[in-house]
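# A structural walkthrough
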Amino acid sequence: MTERHDGRMQLDVESLRTFMAVLDRGGMTRAAEFLGVTQSAVSWKIKRLEQRVGRPLLLRDGHDLRPSRDGRVILDEARSIVEAHDRLVHRLESPDFTGTMRVGANEEIAPTRMAGILGRFRELHPEATIEFVVNQTRLLRPMLQRAQVDVAVIEVTDEELRPDDVVLWSDELHWVTHRDVPHTEGVGPLVTFGDNGFVRPVLEPILKRHGIDYEYTVATPNSTGVRAMVAAGLGVAVLPSWFLDSDDEVVEWTLAESLDPLPTVHQVVRTVPGEVPSITAPLIAAITDEFMDLRVRPDHELV
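These remarks concern the structure in this document. (Residues numbered from 1 in each chain as written. Predicted model: local features only at pLDDT ≥ 70, side-chain atom pairs only at ≥ 80, totals over all residues. Heavy atoms only, no water.)

As a further point, take the overall build of the chain. When its secondary structure is counted, the chain shows 9 helices and 13 strands. Buried residues in the chain amount to 42% of all 303 residues. (Helix = DSSP H or I, 4+ residues; strand = E, 2+ residues; numbered from the N terminus. Buried < 20%, exposed > 50% of the residue type's maximum accessible area, 1.4 Å probe, protein only.)

Dropping the structure here:
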């Protein structure tokens, strides 16, 4: 009688391994010696496999065993199944990480700094494969949620901060414009990070509450690009405090005095929700160590 579960035939890996060993070694006695089990255990596994298939799989030809037609079908696939199973077990049991680590970072993080971090991690885990993804925070968040990346550096506000986030540094946001092009009259031209930028959901409600008309004029993917557009007099933007120039080329927007305060922004390391594999710990530590100085001194070049 064929054994089935939920209407489908179920074949276990160890029975497939035993079936292969019997044919490869030329009999149950030699298969038992090869597998390190008793001959009765080999016989039981073969019988169990035949019960699940519902048909004989081994035929005796004199003193030899040969596969039946169904046995040949199983043998064609069994090797790849057993090999895939053994590779997976090796990866899970290995003290060194041998799989793929997917790391994301928003465009505020210098690729050269992340390259150095990932290079050091690769030295500790030489068999690991690293996939590095650069994208905006609003696109990295769903990737984390769906476990498409294992670790990511993203921007969050106080309200979005999670207990398990590792904060790299924090800063205040400011409305800024060019000192000679104040943009205090008419429709406010906004320089932003694009449709998926971090600040649009922050600034739009504030401007609407205060009845300030605005239009998007320029979009660029990172703070350095936004700052360059502001310095060229192309509009008003929201930027972290360290982008305010010491020579006052980029200054606070005058209209900001009457607006709601902007939130504090945090650059954090975040992992897949509910899952912190041990392999991510040294990577998170490496990222944290690299940016530790920015917690107290944000005068750095990000990009």
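Looking now at the environment of arginine 17. Looking at where arginine 17 falls in the secondary structure, it is placed in helix α1 (residues 13-25). Separated by 61 residues in sequence, arginine 17 and alanine 78 have C-alpha atoms that sit 7.5 Å apart. Excluding anything up to four places from it in sequence, arginine 17 contacts Leu35, Val82, His85 and Asp86. Among the polar contacts made by the side chain of arginine 17, one reaches the side chain of glutamate 14 at a distance of 3.0 Å. Polar contacts involving the side chain of arginine 17 include one to the side chain of aspartate 86, which spans 2.8 Å. (Contact = heavy atoms within 4.5 Å. Polar contact = N/O pair within 3.5 Å; in protein donor to acceptor, adjacent residues only side chain to side chain.)

Once that is clear, we can look at the pattern of salt bridges. By the definition in use, this model includes 12 salt bridges. The salt bridge involving aspartate 12 is made with arginine 52; its shortest N-O contact spans 3.2 Å. Of this pair, aspartate 12 sits in the loop between β2 (8-9) and α1 while arginine 52 is found in helix α3 (residues 39-53), placing the two residues 40 residues apart along the sequence. With a shortest N-O distance of 2.9 Å, glutamate 160 and arginine 141 are connected by a salt bridge. (Salt bridge = Lys/Arg side-chain N within 4 Å of Asp/Glu carboxyl O.)

Our next topic: the packing of helix α5 (residues 111-124) against helix α9 (residues 280-291). For any two helices packed against each other, the geometry is given by the interaxial angle and the distance between the axes. Between α5 and α9, the shortest axis-to-axis distance is 10 Å and the interhelical angle comes to 140 degrees. Between α5 and α9, the angle is such that the two are oblique. Here α5 runs over α9; the crossing is right-handed. The residues of α9 that touch α5, namely those facing Arg113, Met114, Ile117, Leu118, Arg120 and Phe121, are Pro282, Leu283, Ala286, Ile287, Glu290 and Phe291. (Axes fitted to C-alpha atoms, helices over the stretch in contact; angles between N-to-C directions. Parallel < 35°, antiparallel > 145°, perpendicular 65-115°, else oblique. Left-handed = near helix turned anticlockwise from the far one by under 90°.)

Okay, the packing of helix α2 (residues 28-35) against α3 next. The contact between α2 and α3 brings their axes to 8 Å, and the two run at 105 degrees. The pairing of α2 with α3 is recorded here as roughly perpendicular in orientation. Contacts from Met28, Thr29, Ala31 and Ala32 in α2 reach Gln39, Val42, Ser43 and Ile46 in α3. Considered class by class, the residues forming the contact of α2 with α3 number 5 nonpolar, 3 polar and no charged. (Nonpolar A, V, L, I, M, F, W, Y, C, P; charged D, E, K, R; others polar.)

Moving on to the nonpolar core. Membership of the largest hydrophobic core comes to 27 residues, with the highest contact counts inside it found for Trp175, Leu207 and Trp253. Within the residue set of this core, elements represented by two or more residues are β8 (166-178), β9 (188-192), α7 (200-209), α8 (223-231) and β11 (237-240). At 4 residues, the largest contribution of residues to this core is made by α7. With sequence-adjacent residues up to four places away left out, tryptophan 253 is seen in contact with Trp175, Val176, Thr177, Pro182, His183, Thr184, Leu207, Ile212, Val236 and Leu259. Counting residues in hydrophobic clusters, the runner-up holds 19 residues, among them Val103, Ala105, Ala128 and Ile284. (Core = buried A, V, L, I, M, F, W, Y, C linked by side-chain atoms within 4.5 Å.)

This part is about the pairing of strand β3 (residues 58-61). Judged from the 4 bridges that link them, β3 and strand β4 (residues 64-67) form a sheet pairing that is antiparallel. Note that in β4 the partner of arginine 60 across the bridge is leucine 65. With antiparallel pairing between neighbouring strands as the criterion, β3 and β4 make up a hairpin whose turn holds 2 residues, including glycine 62 at a positive phi of roughly 70 degrees. (Pairing = 2+ DSSP bridges.)

Time to look at the environment of leucine 259. Counting through the fold element by element, leucine 259 comes out in the loop between β12 (250-252) and β13 (264-271). The class for leucine 259 is buried, based on a relative accessible area of 9%. Separated by 52 residues in the primary sequence, leucine 259 and leucine 207 have C-alpha atoms spaced 7.8 Å apart. With near-sequence residues (within four places) excluded, leucine 259 lies in contact with Trp175, Ile206, Leu207, His210, Ile212 and Trp253.

Time to look at the packing of aromatic side chains. Inspection of the entire model under this criterion finds 4 aromatic pairs. Relative to tryptophan 253, the ring of tryptophan 175 has its centre 5.4 Å away and its plane inclined at 50 degrees; by these criteria the two rings are tilted. On the criterion of sequence distance, the pair formed by tryptophan 175 in strand β8 and tryptophan 253 in the loop between β12 and β13 is long-range, its members being 78 residues apart. By relative accessible area, which is 3% here, tryptophan 175 ends up buried. Measuring from centroid to centroid gives 5.8 Å for tyrosine 214 and tyrosine 216, while their planes differ by 70 degrees, and the two rings are edge-to-face. Relative accessible area serves as the criterion here: at 23%, tyrosine 214 is assigned to the partly exposed category. Its relative accessible area of 30% is what places tyrosine 216 among the partly exposed residues. Each member of the aromatic cluster is reached from another via a ring pair, and the members are Trp169, Trp242 and Phe243. Looking at arginine 200, its charged tip hangs above the ring of tyrosine 216, at a distance of 3.6 Å from the centre. (Phe/Tyr/Trp six-rings, centres within 6.5 Å; stacked < 30°, edge-to-face > 60°. Lys NZ or Arg CZ within 6 Å of the ring centre and 35° of its normal.)

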